[in-house]
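# Architecture and fold: a report
Here are the chains, one letter per residue:
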Amino acid sequence: MELRSELLKSIWYAFTALDVEKSGKVSKSQLKVLSHNLCTVLSIPHDPVALEEHFRDDDDGPVSSQGYMPYLNKYILDKVKEGSFVKENFDELCWTLTAKKNYRPNGKTSIPLKDAFRFWCLFNFLSEDKYPLVMVPDEVEYLLKKVCMAMNVELNYVELEDYFSQEPLQQSGIVVWKFLELVNSGKLTRGIDKDALSMAIEEVYREIVEDVLKQGYLWKKGQLRRNWTERWFTLRPSTLAYYVSEDRKERKGSIPLDRNCCVEVLPDKDGKRCMFCVKTLAKTYEMSASDTKQRQEWTTAIQTVIRLESEGKKSLHKDLKLKRREQREQRERRKAAKEEEMLRLRALQEEKEKKLQELELLKEAQRQAEVLLQQDEQRRRAQHEEMQRALEVQLRDAEQARASMQAEMVLKEAEAERQKKRIQELEEMQQGLEEALRLEIKARQDEEAFRYAQARLLAEEEEKLKQLMFMKEEQEEYILKTQREKQELRQEMETKSRALEEAQLHLEEVRVNRQRVDQDVMAAQRKLRQASTNVKHWNVQMNRLMHPIGPGDKKSSPGLGGFSSFRVPSQKDPGLKLRQKSEEREREESKENVESARRLSQASDMDTQP
């Protein structure tokens, strides 16, 4: 599958070179010639009958790449066998077709055509597996760095970065012709000898494309004659071949390398130094390097090949290319994840700002509600003050009438004494009522119901006051008549006494009603205390939301429950001020109600006296 992918990359260049009009289609006659040449270099029997059947003369028009792929797969690529052809010849065929159309050398700084071909092969090897073929900037830097390392020079990173910064569209990758144009510009090879550059390109080409991990001269000890002979060694995955000379025309043999092989360093002997051996299951091969550095490089390279064989990998640079691609993909995924995280944080920030705006709106609504509540409270307070002034006026009138009656009713001292006792009992009851009302905190939910009950009691007391006033007027008339008719006065006094008893019974009923109201007040107090506890709890939760935990704040202990983070509200807490005002207002109203009840009871006692 990997060989098919590599072959398709080169064929793609040949196909696009034949597409003169850049329409994505090639004439059938050109495809027939291309197919014949491909079969020749791939050592595949050419089948002209199949070719004619696939591209019949009655088919009109050129053929696209999609139309050519079925024939290419079935009659050419499916028959290819690895090792049965020279891939360099195949690449040269495709390079010849595409270079005539696309490669444009630019004078003295241009590299030779052979080096351009090798760069083209290296580009195909390192390019991404998608069409059109491009090589990402990381792979461009890797390839140029390998060439510079082969020449023992440093890569000019500044020129490379300037090139990519001037071409923003090439950040995702460049095509091979742009790459060759960059190399031919001389910016990256300034001051480097062309011969040294060609040797470096050939070395990198051998290493990456032909999988030559290491090559060079070594002394080898013979297996039969046991003499030492200098050979040119070439190390590839799974084999170590040796030739008579570096032109590699006459191959003398090869050493198969697999997971069962090993390499060992040997001491100097037989006049040879820097010795090492390669042990296989069948034989042991002894070799000698020119120096210690070369021996170290050879042993390391052979161990790398053995490791690749044990891991089941066929090519070192293909494995490295996949690893670099995985690293790029991981960087892109991390970058995408980071961008996604930034977007999520930005969304959270916007949501937080939106919630802060909603909180500001809630605070404004709360302030408006407080203003409306204060206005309502002032209005109710004014109504209570007006009612209190009216009651005071009525009580003053009743006291004046009582004083005049006491001056005129000397004979009624005994009855007055009994009334005083009754007044004392009422005062004691009033004191108890004051004590109960001081502890009273009205719940907002029951406030209106309680006020209706209070208004009803006040209406009843006012009605009784009117009756007492009427009785007082009758008593005044009766006093005027007493001088003339004392006997009639006594009879009338008896009648009034009976009426007074009835009034006292009615007053007892009023007291019973008051006790029932007191019980309702106590229930309201319990509800208000429960509501106050809930309000404190929600104030704590609101304070926690309004004061987020900073980086240096300590977390609350999990064992303390929901009230572990309770803090004393500040003086600027609007909820605390509202509750304090409500409690003060209710205490004042309770005192006013107690005072009104006391005065009303005194007035009723005065009215019951004959």
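If you're wondering where the values come from, they're calculated on a predicted model, not measured in any experiment.

## Overview of a negative patch on the surface
On the surface, a cluster of negative charge is contributed by Glu 408, Glu 473, Glu 476 and Glu 477. If you tally residues by element for the negative patch, the top one is helix H14 (residues 444–482), at three residues. Within the secondary structure, Glu 477 is located in helix H14.

## Here we look at helix H5 (residues 87–102)
With 16 residues, H5 extends 22 Å from end C-alpha to end C-alpha; this agrees with the ideal 22 Å at 1.5 Å per step. Of all the bends found along H5, the most pronounced is centred on Thr 96 and spans about 25°. All of the buried residues in H5 are Glu 88, Phe 90, Asp 91, Leu 93, Cys 94, Trp 95, Thr 98 and Ala 99. Looking at the buried residues of H5, the elements they touch are helix H1 (2–18), helix H2 (28–41), helix H6 (113–126), helix H9 (176–184) and helix H10 (194–208).

## Observations regarding the environment of Thr 284
Counting through the fold element by element, Thr 284 comes out in strand E9 (residues 284–288). With residues near it in sequence (within four places) discarded, Thr 284 still touches Gln 223, Cys 277, Val 278 and Lys 279.

## Things to note about the packing of helix H12 (residues 316–408) against H14
Viewed as axis vectors pointing N to C, H12 and H14 meet at an angle of 25°, and their least axial separation amounts to 12 Å. The pairing of H12 with H14 is recorded here as roughly parallel in orientation. Here H12 and H14 pass one another in a crossing that is left-handed. Each of Arg 380, His 384, Met 387, Gln 394, Asp 397, Ala 401, Met 405 and Glu 408 in H12 lies in contact with H14, whose residues at this interface are Glu 447, Arg 451, Leu 458, Leu 465, Lys 472, Gln 475 and Ile 479. Residues that form the contact of H12 with H14 fall into these classes: six nonpolar, three polar and six charged.

## Quick notes on the pairing of strand E8 (residues 275–279)
Across the five residues that make up E8, a large majority, four, are buried. Examined bridge by bridge, strand E7 (residues 262–266) and E8 share five bridges and lie antiparallel to one another. Bridge pairing links Val 263 to Val 278 in E8. Pairing geometry for E8 and E9, over five bridges, is antiparallel. Paired with Met 275 across the bridge in E9 is Ser 288.

## Some details on the sheet that holds E8
Reading across from one edge, E6-E5-E4-E3-E9-E8-E7 is the order of the seven strands in this open sheet, with antiparallel pairing throughout. Unpaired on one side and paired on the other, strand E6 (251–256) and E7 mark the two borders of the sheet. Across this sheet, the average inter-strand angle for adjacent strands is 35°, counted without regard to direction. In the sheet, strand E3 (residues 214–221) pairs with strand E4 (residues 228–236) via eight bridges, with the strands oriented antiparallel. The partner of Lys 220 across the bridge, within E4, is Thr 229. Across the sheet, helix H11 (residues 292–311) touches E3, E4, strand E5 (239–243), E7 and E8, and the angle it forms with E3 is around 105°.

## A short note on the nonpolar core
Core analysis: the biggest nonpolar cluster contains 68 residues, and Tyr 68, Phe 119 and Phe 179 have the highest contact counts within it. Looking at which element gives the most residues to this core, the answer is H6, with nine residues. Excluding residues that lie within four positions of it along the chain, Phe 119 makes contacts with Ile 111, Leu 143, Val 147, Phe 179, Leu 180, Val 183 and Ile 201. Grouped together as the second largest cluster of nonpolar side chains are 23 residues, Phe 233, Cys 274, Trp 298 and Ile 306 included.

## Some remarks on a nonpolar patch on the surface
A cluster of nonpolar side chains, Met 342, Leu 345 and Leu 348, forms an exposed patch at the surface whose accessible area comes to about 260 Å². Summarising the element assignment, Leu 345 is placed in helix H12. For Leu 345, a relative accessible area of 41% gives the class partly exposed.

Parameters and conventions
- Residues numbered from 1 in each chain as written.
- Predicted model: local features only at pLDDT ≥ 70, side-chain atom pairs only at ≥ 80, totals over all residues.
- Heavy atoms only, no water.
- Patch = residues over 30% accessible without salt bridge, like charges linked within 9 Å, V, L, I, M, F, W, Y side chains within 5 Å.
- Areas by Shrake-Rupley, 256 points an atom, 1.4 Å probe, with all protein chains shown as cover.
- Salt bridge = Lys/Arg side-chain N within 4 Å of Asp/Glu carboxyl O.
- Lys, Arg positive; Asp, Glu negative; His and termini not counted.
- Charge placed at Lys NZ, Arg CZ, Asp CG, Glu CD.
- Helix = DSSP H or I, 4+ residues; strand = E, 2+ residues; numbered from the N terminus.
- Expected span 1.5 Å × (residues − 1).
- Bend = angle between axes of the 7 residues up to and from the residue.
- Buried < 20%, exposed > 50% of the residue type's maximum accessible area, 1.4 Å probe, protein only.
- Contact = heavy atoms within 4.5 Å.
- Axes fitted to C-alpha atoms, helices over the stretch in contact; angles between N-to-C directions.
- Parallel < 35°, antiparallel > 145°, perpendicular 65-115°, else oblique.
- Left-handed = near helix turned anticlockwise from the far one by under 90°.
- Nonpolar A, V, L, I, M, F, W, Y, C, P; charged D, E, K, R; others polar.
- Pairing = 2+ DSSP bridges.
- Core = buried A, V, L, I, M, F, W, Y, C linked by side-chain atoms within 4.5 Å.

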